[in-house]
Amino acid sequence: MRSPNLLKKKMLPVLLIPFFLLPLMIISDAQTTQAAPRKTMVRKTGLISEHAHRKLKRIHDLLSNKDYDSALDILQKLYKTSSERPFEQAQALQTLGYLYAQKEEYAASIQYFEKALALEQLPVATTLSTMHTVAQLYVATQKYNKALKMLLDWFDYKENPSPQAYILLGTIYGELKQYKRAIEPVQHAIDISKDPKEQWLQYLLALYYDLERFQEASGVLQTLISKFPDNPVYWKQLSGIYLNLDEPDEALSVMKLAYKKGFITAATDLKNLTILLLDQGLPYQAGNIIEKALTDKKVPSSEKNWVLAANCWITAKEYEKAITSYEKAGNLAKTGENFVKQGQLYSELEDWQGAYNALAKGLAKGKLKDSGQALLMMGIVKYHLQDSKGAVEAFTQAEKHLKTRKQAKVWLAYFKDAKQDSVGF
């Protein structure tokens, strides 16, 4: 029988197995905050035989070289021979967990980690690290309720959790669609971090947006813009948030600044800015933006877009510019509506020949919503061009339409009286 002193020399203080960096382990847990744990974990200092220590060191080398089969063979033998030494068994189980995690066999990895934890033999630091790892493995396997339970247990014992740990907690709540609960840990992670990651702020923004808490969302976007001013997405999102908050002036200010910075380049965004300017009583600016976008081919040259430009110019009382826009819209349209509107503008300017040409194109192209009104306008235009015969013909056609019948009769009566007066004279 060995002497007690010799036996003591054969036992060594535990060497913690280095934690291997797993592919899924993107969240570290460096201590950065000052938060006291809610519970205290106590573990006795474990001892490991020199034989087991050598085996574990050999296994570590094999894992570093990704020789998983050889490492697994040694580990399984070590596990079987350590049944009466729970501390060594816990070490073997923990290392088996890491081995299977590196092989991305997460279900097996979780099983071995859980067994290692159940023995309650691992040192406190190792236990907590393993718990944190298991929580992430549960996330990787989409077992979010189990991930939540494990991570909350970990928080109970962990001193000074890192911002990344709070982000993990917020992520789990989010996956469980518990968005309100997710906000607090994510916001806390941002608050305690010296340089919060862009993805964290994006996640907090998404949470606020899903909960329709637009006021808070606007604050997050302001932070994102201050930290990442060259990202056009944040400018457009902030403008949209202000619209949801019924703050169009703020929305417009953001969009105008983004436009000056060259961030508003997509056709949809350019049209949205145009409409926003128009709604806010700035039609001239709106007209300039949409016309430039059309000219530069940043917005498709379509009937609808040229009509938008025309509406801007009409509201700005820039009738000549509106006439040009309606001309282009009319050439692209299947109906003569835009030429009729062009004729109306020419009439407003008392350019009767221009009005005649526009109305003639509109009537020829046809498919008008109100042909009677177009014919009535043509009669008035021909009257001003001193074409009495043509005017009467147009009014006679307008009389056939119910909406314009009354006005057409008035004009026809006028020409009839004028003719009689001429004969009488």
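Throughout what follows, the structure given in this document is the object of discussion.

Here is what the cut-offs are and how they apply
Residues numbered from 1 in each chain as written. Predicted model: local features only at pLDDT ≥ 70, side-chain atom pairs only at ≥ 80, totals over all residues. Heavy atoms only, no water. Helix = DSSP H or I, 4+ residues; strand = E, 2+ residues; numbered from the N terminus. Buried < 20%, exposed > 50% of the residue type's maximum accessible area, 1.4 Å probe, protein only. Contact = heavy atoms within 4.5 Å. Core = buried A, V, L, I, M, F, W, Y, C linked by side-chain atoms within 4.5 Å. Salt bridge = Lys/Arg side-chain N within 4 Å of Asp/Glu carboxyl O. Phe/Tyr/Trp six-rings, centres within 6.5 Å; stacked < 30°, edge-to-face > 60°. Lys NZ or Arg CZ within 6 Å of the ring centre and 35° of its normal. Axes fitted to C-alpha atoms, helices over the stretch in contact; angles between N-to-C directions. Parallel < 35°, antiparallel > 145°, perpendicular 65-115°, else oblique. Nonpolar A, V, L, I, M, F, W, Y, C, P; charged D, E, K, R; others polar. Expected span 1.5 Å × (residues − 1).

1. With respect to the overall build of the protein chain
Next, step 1: The secondary structure content of the protein chain amounts to 22 helices and 2 strands.
Next, step 2: Expressed as a percentage of the 425 residues in the protein chain, the buried residues total 43%.
Next, step 3: A separation of at least 24 residues holds for 55% of the contacts in the protein chain among residues at least 6 apart in sequence.

2. As for the nonpolar core
Next, step 1: In terms of nonpolar packing, the biggest core is built from 72 residues, with L151 and I172 touching the most fellow members.
Next, step 2: Residue contacts for L151: discarding those within four places in its chain leaves H132, A135, A165, L168, L169 and I172.
Next, step 3: One finds I48, I59, L72 and F87 within the second-largest nonpolar core, a separate group that totals 23 residues.

3. Quick look at unusual backbone geometry
Next, step 1: Even without a glycine there, the phi angle at Q142 is positive, about 60°.
Next, step 2: As for its position among the elements, Q142 is in the loop between helix 6 (124-140) and helix 7 (144-157).
Next, step 3: Here K367, not a glycine, exhibits a phi torsion of approximately 55°, which is positive.
Next, step 4: Its place among the elements puts K367 in the loop between helix 19 (352-365) and helix 20 (371-384).
Next, step 5: The exposed category is assigned to K367, whose relative accessible area is 65%.

4. Things to note about the pattern of salt bridges
Next, step 1: Considering all chains together, one arrives at 11 salt bridges under this definition.
Next, step 2: For the salt bridge of E50 with R54, the shortest nitrogen-to-oxygen distance reads 3.1 Å. Of this pair, E50 and R54 both sit in helix 2 (residues 50-64), separated by 4 residues, roughly a single helical turn.
Next, step 3: For R54, a relative accessible area of 48% translates into the label partly exposed.

5. Some details on the environment of Q397
Next, step 1: Structurally, Q397 can be placed in helix 21 (residues 388-398).
Next, step 2: Taking the relative accessible area as the measure of exposure, Q397 reaches 35% and is therefore partly exposed.
Next, step 3: Considered as a pair, Q397 and A408 are 11 residues apart in the sequence and their alpha carbons are 8.5 Å apart.

6. A look at the packing of aromatic side chains
Next, step 1: Counted by the stated rule, this structure contains 15 aromatic pairs.
Next, step 2: Ring geometry for W235 versus F263: centroids 6.1 Å apart, planes at 50°, classification tilted. On the criterion of sequence distance, the pair formed by W235 in helix 12 (residues 232-244) and F263 in the loop between helix 13 (248-260) and helix 14 (267-279) is long-range, its members being 28 residues apart. Accessibility assignment for this pair places W235 and F263 in one class, buried.
Next, step 3: Considering the side-chain rings of Y284 and W313, the 5.5 Å spacing of their centres and the 75° angle between planes classify their relative orientation as edge-to-face. Highlighted residues: Y284 in helix 15 (residues 283-295) and W313 in helix 16 (residues 303-315), separated in sequence by 29 residues.
Next, step 4: With relative accessibility at 40%, the residue Y284 sits in the partly exposed group.
Next, step 5: Residue placement shows K321 over the ring face of W313; its charged tip is 5.1 Å from the ring centre.

7. A few points about the environment of Y79
Next, step 1: Note on placement: Y79 falls in helix 3 (residues 68-81).
Next, step 2: The contacts of Y79, once residues within four sequence positions are left out, are Q89, A92 and L93.

8. Quick word on the packing of helix 2 against helix 4 (residues 86-102)
Next, step 1: Following both chains from N to C, one finds helix 2 and helix 4 inclined at 5°, their axes separated by 12 Å at the closest point. By the angle class used here, helix 2 and helix 4 are roughly parallel. For the pair formed by helix 2 and helix 4, the contact residues are A52, L56, I59 and L63 on the first element and E88, Q91, T95, L99 and Q102 on the second.
Next, step 2: Along the lines of polarity and charge, the residues of the contact of helix 2 with helix 4 split into 5 nonpolar, 3 polar and 1 charged.

9. Focus on helix 7
Next, step 1: Compared with the 20 Å implied by 1.5 Å per residue over 14 residues, the 20 Å span of helix 7 between its first and last C-alpha is a close match.
Next, step 2: For helix 7, the secondary structure elements touched by its buried residues are helix 5 (106-118), helix 6 and helix 8 (163-175).

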